[in-house]
Structures are given as C-alpha cells and as structure tokens.
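# Results of the structural survey
Chain by chain, the residues:
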Amino acid sequence: MKKALFLDRDGTLIIDKHYLADPAGVELIPGVITGLQRARELGFLLFLFTNQSGIGRGYHTLADAEACNRRMLELLGLGDELFTDICIAPESSDQPVEFRKPSPRFIHDSMTMHALDPAQCWMVGDRESDIEAGLNAGIHAAAVCTGKYDQATWQEKFIPGMKLFSNFAEFAEWLAAG
Ligand SMILES: [Mg+2]
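Nothing here was measured: the structure is a model prediction, and the numbers come from that model.

### What to know about the sheet that holds strand β5 (residues 140-144)
- The six strands lie next to each other as β3-β2-β1-β4-β5-β6, forming an open sheet whose pairing is parallel. At either margin of the open sheet sits one strand with a lone partner, and together these are β3 (85-89) and β6 (162-165). Neighbour-to-neighbour, the strand axes of this sheet turn through a mean angle of 20 degrees, independent of strand direction.
- Pairing of strand β4 (residues 116-125) with β5, which is carried by four bridges, proceeds in the parallel orientation. Opposite glycine 125, over in β5, you have alanine 143 as the bridge partner.

### A closer look at helix α1 (residues 32-41)
- Of the positions making up α1, those classed as buried are Val32, Gly35, Leu36 and Ala39. Seen along its axis, α1 keeps its buried residues to an arc of 95 degrees; they face one direction.
- In this fold, the buried residues of α1 make contact with β1 (2-7), β2 (44-51), α3 (62-76) and α7 (168-176).
- Taken from the residues just after α1, glycine 43 is the one with a positive phi, measuring 95 degrees.

### Considering the nonpolar core
- Within the largest apolar cluster, 46 residues are counted, with the highest numbers of intra-cluster contacts made by Leu5, Phe6, Trp122, Val124, Ala142 and Phe168.
- If you tally residues by element for this core, the top one is β4, at five residues.
- When neighbours within four sequence positions are excluded, alanine 142 is seen to be in contact with Trp122, Val124, Met162, Lys163, Phe165 and Phe171.

### Thoughts on the packing of α1 against α7
- Here α1 crosses α7 at 25 degrees, and the two axes come no closer than 8 Å. It follows from the interaxial angle that α1 and α7 lie roughly parallel. Judged by the twist between their axes, the crossing of α1 over α7 is left-handed. Between α1 and α7, the residues in contact are Val32, Thr34, Gly35, Arg38 and Ala39 and Phe168, Ala169, Phe171, Ala172, Glu173, Leu175 and Ala176, respectively.

Thresholds, definitions, all that
Residues numbered from 1 in each chain as written. Predicted model: local features only at pLDDT ≥ 70, side-chain atom pairs only at ≥ 80, totals over all residues. Pairing = 2+ DSSP bridges. Helix = DSSP H or I, 4+ residues; strand = E, 2+ residues; numbered from the N terminus. Axes fitted to C-alpha atoms, helices over the stretch in contact; angles between N-to-C directions. Buried ≥ 20, exposed ≤ 12 C-beta atoms within 10 Å, placed from the backbone. Arc of directions from axis to C-beta. Contact = placed C-beta atoms within 7 Å. Core = buried A, V, L, I, M, F, W, Y, C linked by C-beta atoms within 7 Å. Parallel < 35°, antiparallel > 145°, perpendicular 65-115°, else oblique. Left-handed = near helix turned anticlockwise from the far one by under 90°.

Here it is in structure tokens:
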C-alpha cells in the first residue's frame, strides 16, 4: 500500500492572504521546496487539500483558485504533476458540506482510489479544521505554525493526536529521520 501527505495550501505551503484570488499574491513559505522534495524522495504521494470558502461566498471564482494553484506550482518548480490530486473545497461555512475540511471525504475517497495505507498518511495544516479532517479520516495529523497560530497558541489549542511542527520543512525532516 502507498503512503501520502494531504497538504493544506494557505498558511502551510504559501502565505495565507485571506481569500487570495490574484496569482500575483502567491508567496511560498520558506523551506517548502526542500520539504516537498524530501517527502517525494521518501515515497509519499502528495495531495493538495484546500478550503476556499471565498468561492462559496462569491468573493472569487474556482478559476481564480486554480490560477493561484498554478502559480504556486510554477514557483515550486517541482513539475506540474507534483500533486497526485487536488481538492478545492468551495463551500462557505454556512453551505451544506461536501468536501470542506474538517470533512474527511476527500481523504477517504483518495485512500480508496489510490490504495493508501492510513497508518502511513498525514494531513498537514495550520488550522483546527485541517487537523480534524485528518483525524476524522483515520490518518495522522500535523500542525504547522506558519499560518493561523504561532507555537504558543497551538500549544494552548492542542488537539489530542496531533503533532506540532514549526513549519512544513521541519515536519519533512522529522519524517525523513523516521
Ligand atoms: Mg490553511
């Protein structure tokens, strides 16, 4: 069975700019290129799993979110096929939920479709909804301090079962250390 990382986008891979719609605003968080390379070398499939409630709220379109993803891939320079699959959850918080984190739906679907081993899969993100999506799906969950919360705040908000890292690069190094 295969192993995989499910990665949040805003606050985890790129700087969270709240309802980012303009690809010119995409800015990588330091260390993510090395971290993603490392994860790939370790044999992890990579999935992008991003809540984009700005679509549901009518602030921007799905095409805007896709354009930002393309810009992120361009800046990463790790190939257009870096992610095995991408889920952009468009629901706003007051709309019926299909994919919006903490729903585990995308992770569940991907585990089935790609024969992933839940014991070797992680959801990585900067918010409670990321951690809960991972734990709801029965995989591991790692929080990073490059988005909504700093280290001290995450320690206060600690969710049983999660692991805490200062950033994605540190998480990837920890994975590599086995
Ligand atoms: Mg985020």
